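Spelled out, the chains give:
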Protein chains: 2
Amino acid sequence: MIKKYVFGQPLETGAAVLEIPASTDTCSLMRLTQSEEGVSLFYRMEKEDVLYGLGEQVRGINKRGFSYISDATDDPIHTEGKHSLYGGHNFLIISRRHKPSFGIFIDNPGKTVFDAGESKLDELRIQTGCDCVIYTVEGESLKEIAKQFRELIGQSYIAPKWAFGYQQSRWGYESADDVREAVSGHHGHGIPLDAVYLDIDYMERYKDFTVDKEKFPDFPEFVSEMKERGVHLVPIIDAGVKIEEGYPVYEEGVRENYFCKDENGNDFVAAVWPGKSLLPDMLNSKAREWFGSKYKWLMDQGIDGFWNDMNEPAIFYSEVHLKKVMDEVISMKDENMGLHEFFHLKGLVEGLSNNPEDYRRFYHNMDGVKIRHDKVHNLYGCYMTKAAGEAFDKIAPDKRTLLFSRSSYIGMHRYGGIWTGDNASWWNHLLLSIQQMPSLNLCGILYAGSDIGGFGCDATQDLLMRWLEFGIFTPLMRNHAAAGTRPQEVYQFENIPDFRNIIRIRYGLLPYIYSEYMKAVFDHEMYFRPLAFDYPFDAHAPYVEDQLLAGESIMIAPVYRQNASGRYVYLPEEMMMVRMKSLEEKHCEVLKAGHHYVDIALNETVFFVKKNHMLPLAVLDDDIRNISGIDKNRYEWVGFAEDKAEYVLYDDDGMSKNYTPKEQWTKVTRSVNELDVTV
Amino acid sequence: MIKKYVFGQPLETGAAVLEIPASTDTCSLMRLTQSEEGVSLFYRMEKEDVLYGLGEQVRGINKRGFSYISDATDDPIHTEGKHSLYGGHNFLIISRRHKPSFGIFIDNPGKTVFDAGESKLDELRIQTGCDCVIYTVEGESLKEIAKQFRELIGQSYIAPKWAFGYQQSRWGYESADDVREAVSGHHGHGIPLDAVYLDIDYMERYKDFTVDKEKFPDFPEFVSEMKERGVHLVPIIDAGVKIEEGYPVYEEGVRENYFCKDENGNDFVAAVWPGKSLLPDMLNSKAREWFGSKYKWLMDQGIDGFWNDMNEPAIFYSEVHLKKVMDEVISMKDENMGLHEFFHLKGLVEGLSNNPEDYRRFYHNMDGVKIRHDKVHNLYGCYMTKAAGEAFDKIAPDKRTLLFSRSSYIGMHRYGGIWTGDNASWWNHLLLSIQQMPSLNLCGILYAGSDIGGFGCDATQDLLMRWLEFGIFTPLMRNHAAAGTRPQEVYQFENIPDFRNIIRIRYGLLPYIYSEYMKAVFDHEMYFRPLAFDYPFDAHAPYVEDQLLAGESIMIAPVYRQNASGRYVYLPEEMMMVRMKSLEEKHCEVLKAGHHYVDIALNETVFFVKKNHMLPLAVLDDDIRNISGIDKNRYEWVGFAEDKAEYVLYDDDGMSKNYTPKEQWTKVTRSVNELDVTV
């Protein structure tokens with residue numbers, strides 16, 4: 001049961017798609033109070049309550065014991081002390097042991113603070129703005145609450161099937177030849193690859209919807225060369241539009257007043273990668289339509305996937321703020337600079353980027369209504385992605401286009417996925433990415449993944465290998481690294497056959513991953529789930545922070561510690577452990593319910609099949625290059641059955657929007673003896 | 001067996017105390033090569049080799065898989081991507097499964113890089129300067145190698161017994177009244193307390209060896225007031241001396257040429273907390289003697305403990321570098337600042353502090369020899385502490401004085417301990433501090449601890465509680481937090497009786513902790529040991545990264561994850577688990593060898609007693625206020641014996657240097673029936 005509470009004059013964010021009449025009851029689940037500062041929610045937690053949700057944030061699956069702030073921020077240092085990452089995902093489930101659990105969604109695109117037991121261990125306090133809509137979701141189980149919420153916010157985005165293949169990225173592929181080298185590097189070692197990403201360097205002076213002609217002399221020709229090699233190119237689109245005379249996107253936008261304005265109605269100047277730039281007014285429907293239409297230029301050249309970046313929006317500095325700071329710095333010159341002045345200087349310069357004052361310095365024209373940016377800050381990236389998604393429906397209405405974003409807000413999950421931003425080559429970030437996945441799924445974001453191997457810092461061979469062994473289960477499986485870091489393509493390391501084996505296991509699992517992803521979309525389910533969602537009566541499940549259910553048949557327990565010989569695994573019920581050195585070299589073993597230490601060598605992939613469940617595993621040719629090499633008639637069935645196991649297999653052409661209707665989903669039944677891979 | 005290899009013209013650092021003739025052999029353990037860039041060491045690791053050591057660094061007990069750089073750095077963000085912390089501890093044991101293990105010590109106070117398998121998983125590469133002494137240590141076991149190395153570097157520092165009590169600190173105690181409040185806060189809740197720390201605010205304008213008269217109107221009187229309440233005051237001493245006319249320390253130092261000089265022989269000006277300051281030339285024996293003598297002024301007022309800080313040395317900015325940067329910044333004013341200039345500006349300002357160029361801008365007069373600072377960088381904090389330690393031997397020859405430091409180098413362990421610097425209120429830093437302890441012990445640093453609860457960021461109640469449950473086993477047990485963070489004294493949280501219970505358990509364990517500490521000092525043993533040191537034939541022990549042996553009788557397995565219900569524990573042999581809610585409420589249970597999941601509530605302290613081992617546990621009065629309340633005649637014996645258990649108890653007066661000679665150490669034997677606390 002969903003109830004809706006309306007406060008003040010909330011903006012229509014588009015997060016919810018179901019029309020629900022506003023409730024006039026007093027909310028009985030949490031204490032809701034209104035004041036001049038905004039709306040506050042209070043809930044006293046029992047010791048055993050667990051908090052699930054909040055999408056992309058730091059820390060564990062259980063969000064208790066910290067304060068999270070929905071305030072989209074381009075901050076690449078994702079330590080456990082950070083209160084905000086790139087998104088605003090205000091959905092939280094309070095899981096209670098002795099009473100029914102419930103969910104709460106704060107639909108407000110301004111700043112919202114969740115003190116989830118940081119100040120006092122047993123107090124959950126939420127503070128949001130004056131104008132907001134609050135939904136409570138009651139249901140019989142965690143799964144049921146999650147499903148209701150997902151119905152409220154509408155069906156998640158569907159990526160083309162090739163976007164479930166292995167993908168390679170690097171900020172540093174500067175030319176067609178760099179990309180060719182990356183493709184050859186994989187193919188030369190027999191490693192399948194479905195996409196290569198173009199980071200900001202492909203553009204002409206970082207101008208959106210341009211391609212540098214020197215680096216990519218004949219871009220459409222290059223796109224088809226890559227397609228012939230089985231590789232999709234996925235260019236980045238940044239939020240900021242370069243100020244440059246003669247650049248049509250800039251000139252059109254200025255002429256039509258499509259950019260965000262300062263208080264006086266002048267275009268607001270912010271510096272990002274292209275230098276001084278203007279921010280398209282993504283909250284204005286005409287500007288959005290215009291910006292979205294620009295993607296066509298690249299699609300006409302054969303591009304069928306994009307990633308939207310810098311859309312918190314990140315601001316390196318604003319023209320007005322920089323001037324203020326520089327004036328102040330220069331006035332310090334003649335002082336005998338003391339410590340106070342020194343720290344002030346450091347603070348001024350460090351505070352130039354993503355400065356909160358800047359977010360109060362520009363305005364949107366939301367179809368006639370002038371709104372200061374900070375009030376709708378968390379919607380910017382969401383609406384940029386909506387702009388693209390809505391445009392794709394017009395430009396290529398019958399085809400799926402890959403789309404994901406850095407910044408997001410609930411509602412954006414209908415238009416695209418996300419990647420978890422600029423993480424680092426830290427073992428802790430491998431664990432973090434495991435923990436983020438179910439929280440994102442709860443908020444509707446199913447197409448998601450982290451930068452495998454880590455974006456910042458140098459990856460080591462063992463980190464990349466362990467990260468891939470988790471990454472083979474994430475819908476978005478992309479290796480990405482920052483400029484200046486150690487080359488991170490798998491073929492840059494030793495033991496390349498081990499890497500090849502891991503990535504081939506992904507392709508073997510792809511029919512299952514794709515099937516589970518699609519069913520989760522259509523049924524409003526979570527692809528990744530914390531253990532307590534499937535085992536609500538298990539006393540230990542709520543404390544398991546490093547294992548996930550992935551789809552309906554399997555549980556994963558990735559190794560995320562350096563130099564580990566394996567890890568502890570908790571089994572809420574008897575399961576079959578599948579240990580793979582390669583797609584061809586598998587070993588199955590039944591483990592009892594309870595705690596286990598499982599040895600897992602660096603080059604081993606391990607997962608657990610639930611009882612009376614099974615999954616398809618594609619048998620691959622030795623020379624498979626991308627998803628097109630997966631043969632639907634050559635599946636092995638991996639299963640753990642007492643008598644028989646069943647599986648509902650979803651499949652389709654992977655490209656069109658002719659999705660297979662539910663009544664045509666394939667129900668496969670195998671008796672114990674018919675299982676290809678079992679104990 | 002220790003071998004010594006001499007390269008170039010090494011400086012006498014004082015790290016080693018045994019005289020060993022230089023070997024003329026070719027080293028058979030590692031490949032040593034000399035070139036113009038310096039000395040390189042290479043070793044190809046087997047898959048099962050484990051690397052122990054390197055003292056204060058990030059990451060795990062096993063140092064494989066990352067590059068560590070000995071280059072003392074004041075960097076408070078101790079993420080796993082950081083290559084240097086505050087010290088230079090160049091001792092490493094290569095633990096081998098199929099061949100004898102060995103240790104390697106690089107005695108060079110300049111930069112040394114340990115690529116411990118970062119570039120290639122199986123390659124250990126060490127790069128150091130041209131002038132160095134390298135020692136190899138061969139022995140029959142890890143313990144034996146560790147012991148030989150410790151004999152080489154000499155007996156570790158002995159703290160007074162009160163420094164094993166609970167200690168409270170905060171950067172933010174600004175006045176006598178602030179300190180009184182902290183003491184009352186503890187005593188008012190029946191929480192014992194042995195010391196309160198004075199951070200930089202006690203000084204007059206941050207001048208070393210001054211006390212602000214307004215904040216502390218009668219300091220000697222205040223010191224004795226605190227002593228009467230059972231509390232020692234421990235003031236901070238910073239490395240930099242403020243430039244201020246009329247300030248005797250500054251004027252004397254200038255007159256006698258006791259400060260570091262620039263290339264032209266002028267005093268080198270660096271800004272630290274007091275503003276523009278000069279750096280005492282700690283490598284000059286006269287300057288050292290002079291600086292050490294200054295501590296007397298505080299000791300004459302009753303002070304008997306110090307912590308040396310900012311001695312990497314940290315430099316906020318140097319006068320010369322700031323001028324250069326400001327000139328450059330100002331020259332940018334009239335440019336239409338582009339992105340390149342903007343990042344350059346940010347880099348300039350961010351690079352002002354602890355700039356490597358600055359470390360090449362000043363010189364030491366090492367008793368007649370002019371040495372550029374960067375060549376001896378890692379010795380600075382060590383020699384500052386040596387200055388104090390040697391002075392104490394003259395000022396208070398019969399008494400122990402508490403002394404520890406932020407920066408250190410092997411050799412400093414003979415003069416004082418360390419704390420692990422400016423960590424944060426992160427769960428990962430609780431784990432890090434567990435992992436740092438045995439590495440520090442290997443390098444001789446026994447008196448050590450982390451800032452309990454974390455220095456930066458806000459601690460939550462659960463983090464502080466779990467951290468204390470580990471901290472009760474560390475010789476230095478100090479709660480410390482930075483200015484601007486949430487108040488972190490235990491009485492600032494809820495459930496104060498739980499905190500009281502934990503701290504009282506420390507006092508109950510104190511006879512054991514002190515005894516084990518002192519025996520480790522005299523016998524050149526490690527107080528904290530990785531499991532593989534005690535269980536060399538156990539196949540799983542080398543992979544246990546979150547459990548430690550603490551003294552000879554017990555193993556600890558702290559909980560370091562938020563919202564955990566307990567943790568996995570590995571037992572290399574059958575042990576007795578002791579679970580304590582308080583000193584009075586104990587429960588014992590025998591656990592078999594192997595893997596276990598152990599439930600550990602937030603307010604429970606758990607440790608494991610080894611078979612046929614025991615330990616004393618003091619029975620405390622309800623109103624015990626500090627260590628003086630521990631009654632030597634009221635020990636319970638906690639033990640796990642088949643037939644009988646033995647324990648060698650060390651004790652002494654805790655203050656003088658009249659240490660109990662080995663033949664008078666008390667050997668206690670208890671039969672099963674005589675044990676007070678057992679199964």
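1. As for the overall build of chain A
Right, so step 1: Looking only at helices and strands, chain A has 13 helices and 40 strands in total.
Right, so step 2: For 679 residues, the compact-globule formula gives about 26 Å, and the C-alpha radius of gyration of chain A, at 25 Å, lands near that figure.
Right, so step 3: If one aligns the C-alpha atoms of chain A with their principal axes, the spans along those axes are about 80 × 65 × 55 Å.
Right, so step 4: Counting only residues that meet the buried cut, chain A has 67% of its 679 residues in that class.
Right, so step 5: Within chain A, contacts between residues at least 6 apart in sequence are counted, and of these 74% link residues at least 24 apart.
Right, so step 6: Looking at chain A, you have 74 positive and 104 negative side-chain charges, and the mean spots of the two groups are 3 Å apart.

2. Details of the pattern of salt bridges
Residues and elements named next belong to chain B.
Right, so step 1: Enumeration according to the criterion identifies 106 salt bridges over all chains in this entry.
Right, so step 2: One salt bridge connects Glu-225 with Arg-180, and the closest N-O pair in it is separated by 2.7 Å. One end of the pair, Glu-225, is in helix α3 (residues 219-228); the other, Arg-180, is in helix α2 (residues 176-188), and 45 residues separate them in sequence.
Right, so step 3: Salt-bridge contacts for Glu-390 lead to Lys-386; the nearest nitrogen and oxygen are separated by 3.5 Å. Highlighted residues: Glu-390 and Lys-386, both in helix α9 (residues 380-395), separated by 4 residues, approximately one helical turn.

3. Comments concerning the environment of B:Asn90
Residues and elements named next belong to chain B.
Right, so step 1: Considering the arrangement of structural elements, one finds Asn-90 in the loop between β6 (87-88) and β7 (91-95).
Right, so step 2: Sequence spacing of Asn-90 and Ser-70 is 20 residues, and the spatial spacing of their C-alpha atoms is 7.1 Å.
Right, so step 3: Beyond its immediate sequence surroundings of up to four residues, Asn-90 is in contact with Leu-54, Ser-70, Ile-104, Phe-105, Ile-106, Asn-108, Thr-112, Phe-114, Tyr-409 and Ile-410.
Right, so step 4: Polar side-chain contacts of Asn-90 include one of 3.0 Å to the backbone oxygen of Ile-106.

4. Looking at the pairing of strand β5 (residues 67-70) of chain A
Moving residue by residue along a regular strand, the side chains alternate between the two faces of the sheet.
Residues and elements named next belong to chain A.
Right, so step 1: What you see with β5 is no split at all: Ser-67 and Ile-69 on one side and Tyr-68 and Ser-70 on the other are buried throughout.
Right, so step 2: Sheet topology note: the β5/strand β9 (residues 112-116) ladder contains 4 bridges and is antiparallel. Bridge pairing in β9 links Tyr-68 to Phe-114.

5. Some remarks on unusual backbone geometry
Right, so step 1: For the peptide bond that leads from A:Glu312 to A:Pro313, omega is -10°, which places it in the cis range.
Right, so step 2: Along the chain, A:Pro313 falls in the loop between β19 (305-309) and β20 (317-318).
Right, so step 3: Backbone geometry places B:Arg59, a non-glycine residue, at a positive phi of 70°.
Right, so step 4: Relative to the assigned elements, B:Arg59 resides in the loop between β4 (50-53) and β5 (67-70).
Right, so step 5: For B:Met310, which is not a glycine, the phi torsion comes out positive at approximately 60°.

6. Some words on the sheet that holds strand β34 (residues 586-591) of chain B
Right, so step 1: The 6 strands lie next to each other as β29-β30-β31-β36-β33-β34 (chain B), forming an open sheet whose pairing is antiparallel. On the outer flanks of this sheet lie β29 (528-529) and β34 of chain B, each paired with one strand and no other.

7. Brief notes about the interface of chain B and chain A
Many authors give the size of an interface as the accessible area that is lost as the parts come together.
Right, so step 1: Taken together, the contacts link 63 residues of chain B with 63 residues of chain A.
Right, so step 2: Between chain B and chain A the total buried area reaches about 5400 Å² when both faces are included, carbon and sulfur atoms providing 59% of it.
Right, so step 3: If you look at where chain B meets chain A, you find 0 salt bridges.
Right, so step 4: Those elements that provide at least two residues to the side of chain B that touches chain A are β17 (269-272), β18 (275-278), α6 (319-331), α7 (339-350), α10 (427-442), α11 (461-471), β32 (566-571) and β35 (594-599) of chain B.
Right, so step 5: When residues of the side of chain B that touches chain A are assigned to their parent elements, the largest contribution, 7 residues, is made by α7(B).
Right, so step 6: Here the residues of the side of chain B that touches chain A sort into 29 nonpolar, 18 polar and 16 charged.

8. Re the packing of aromatic side chains
Right, so step 1: Under the defined criterion, the tally for this structure stands at 100 aromatic pairs over all chains.
Right, so step 2: Ring plane angle 55° and centroid distance 6.3 Å describe the contact between A:Tyr514 and A:Tyr650, whose orientation is recorded as tilted. Of this pair, A:Tyr514 sits in helix α12 (residues 496-523) while A:Tyr650 sits in the loop between β39 (644-649) and β40 (666-671), placing them 136 residues apart in sequence. Across the pair, exposure class does not vary: A:Tyr514 and A:Tyr650 are buried alike.
Right, so step 3: Arranged with centres 5.7 Å apart and planes meeting at 80°, the rings of B:Tyr43 and B:Phe102 form a pair that is edge-to-face.

9. As for the sheet that holds β18(B)
All names here are of chain B.
Right, so step 1: Strands sit in the order β15-β18-β17-β20 across an open sheet of 4 strands; the sheet is antiparallel. The open sheet has two edge strands with one neighbour each: β15 (241-242) and β20 (317-318).
Right, so step 2: With 2 bridges joining them, β15 and β18 adopt antiparallel strand pairing. Following the sheet pairing, Lys-242 is matched in β18 by Ser-277.

10. Side note on the packing of α6(B) against α7(B)
Residues and elements named next belong to chain B.
Right, so step 1: Their axes nearest at 10 Å, the elements α6 and α7 cross at an angle of 160°. Between α6 and α7, the crossing angle belongs to the class labelled roughly antiparallel. Considering how the two elements wind past one another, α6 and α7 form a crossing that is left-handed. Touching Val-325, Glu-328 and Val-329 of α6 are His-344, Leu-345 and Leu-348, all from α7.
Right, so step 2: When the residues that make up the contact of α6 with α7 are grouped by side-chain class, the tally is 4 nonpolar, 1 polar and 1 charged.

11. Re the relation of the copies chain B and chain A
Right, so step 1: Each copy of the sequence occupies a distinct position, and chain B is placed on chain A by a rotation of 180° and an axial shift of 0.0 Å, giving an RMSD of 0.0 Å. Taken together, these values place the two copies in the relation of a two-fold axis. For chain B, the minimum C-alpha distance to the rotation axis belongs to B:Ile330 and amounts to 3.1 Å.
Right, so step 2: In this assembly the copies share their binding face: 100% of the residues contributing to the interface of chain B also contribute to that of chain A.

12. Regarding α7(B)
Right, so step 1: Over its 12 residues, α7(B) runs 16 Å from end to end, which matches the ideal 16 Å to within 8%, given 1.5 Å per residue.
Right, so step 2: Residues of α7(B) that are buried: B:Leu339, B:Phe342, B:Leu345, B:Lys346, B:Leu348 and B:Val349.
Right, so step 3: Tucked inside the fold, the buried residues of α7(B) contact β17 (269-272), β18 (275-278), β20, α6 (319-331) and α7 (339-350) of chain A together with α6 of chain B.

13. Examining the pairing of β17(A)
All names here are of chain A.
Right, so step 1: Of the two faces of β17, the one carrying Val-269 and Ala-271 and the one carrying Ala-270 and Val-272 are both buried.
Right, so step 2: Where β17 meets β18, 4 bridges bridge the pair, whose relative direction is antiparallel. For Ala-271, the partnering residue across the bridge sits in β18 and is Lys-276.
Right, so step 3: With 2 bridges joining them, β17 and β20 adopt antiparallel strand pairing. Residue pairing for β20: Ala-271 is matched across the bridge by Tyr-317.

14. Here's the deal with the confidence of the model for chain A
Low pLDDT means the predicted coordinates in that region are not meant to be read closely.
Right, so step 1: On average, residues of chain A carry a pLDDT of 97, and 100% of them reach 70 or more.
Right, so step 2: On the interface metric, ipTM, the complex scores 0.97, and its pTM is 0.98.

15. Examining the packing of helix α5 (residues 285-299) of chain A against helix α9 (residues 380-395) of chain A
Helices that pack against each other are described as a pair by the angle of their axes relative to one another and the distance between those axes.
Residues and elements named next belong to chain A.
Right, so step 1: Running from N to C, α5 and α9 point in directions that differ by 60°, and their axes come no closer than 8 Å. Taken together, the axis directions place α5 and α9 in an arrangement best described as oblique. The handedness of the crossing between α5 and α9 is right-handed. Residues Arg-288, Glu-289, Phe-291, Gly-292, Ser-293, Tyr-295, Lys-296 and Met-299 of α5 touch α9, and the partners they reach there are Tyr-383, Met-384, Lys-386, Ala-387, Ala-388, Glu-390, Ala-391, Phe-392, Lys-394 and Ile-395.
Right, so step 2: Its residues placed into classes, the contact of α5 with α9 shows 10 nonpolar, 2 polar and 6 charged.

16. Comments concerning helix α10 (residues 427-442) of chain A
All names here are of chain A.
Right, so step 1: Considering bend angle alone, the principal kink of α10 is centred on Gln-436 and spans about 25°; proline Pro-438 follows within four residues of it.
Right, so step 2: Most of α10 is tucked away, with 15 of its 16 residues classed as buried.
Right, so step 3: After α10 finishes, the residue Gly-444 shows a positive phi value of roughly 95°.

17. Digging into the environment of A:His340
Residue and element names in this part refer to chain A.
Right, so step 1: With respect to the helices, strands and loops of the structure, His-340 is situated in helix α7.
Right, so step 2: A relative accessible area of 63% means that His-340 is categorised as exposed.
Right, so step 3: As for His-340 and Asp-281, which are separated by 59 residues in sequence, their C-alpha atoms are 39 Å apart.

Definitions and cut-offs
- Residues numbered from 1 in each chain as written.
- Chains lettered and ligands numbered in written order.
- Predicted model: local features only at pLDDT ≥ 70, side-chain atom pairs only at ≥ 80, totals over all residues.
- Heavy atoms only, no water.
- Helix = DSSP H or I, 4+ residues; strand = E, 2+ residues; numbered from the N terminus.
- Rg over C-alpha atoms; globule rule 2.2 N^0.38 Å.
- Buried < 20%, exposed > 50% of the residue type's maximum accessible area, 1.4 Å probe, protein only.
- Contact = heavy atoms within 4.5 Å.
- Lys, Arg positive; Asp, Glu negative; His and termini not counted.
- Charge placed at Lys NZ, Arg CZ, Asp CG, Glu CD.
- Salt bridge = Lys/Arg side-chain N within 4 Å of Asp/Glu carboxyl O.
- Polar contact = N/O pair within 3.5 Å; in protein donor to acceptor, adjacent residues only side chain to side chain.
- Pairing = 2+ DSSP bridges.
- Buried area = accessible area lost by both parts, 1.4 Å probe.
- Nonpolar A, V, L, I, M, F, W, Y, C, P; charged D, E, K, R; others polar.
- Phe/Tyr/Trp six-rings, centres within 6.5 Å; stacked < 30°, edge-to-face > 60°.
- Axes fitted to C-alpha atoms, helices over the stretch in contact; angles between N-to-C directions.
- Parallel < 35°, antiparallel > 145°, perpendicular 65-115°, else oblique.
- Left-handed = near helix turned anticlockwise from the far one by under 90°.
- Least-squares fit on C-alpha atoms with pLDDT ≥ 70 in both.
- Expected span 1.5 Å × (residues − 1).
- pLDDT = per-residue confidence, 0-100.
- Bend = angle between axes of the 7 residues up to and from the residue.

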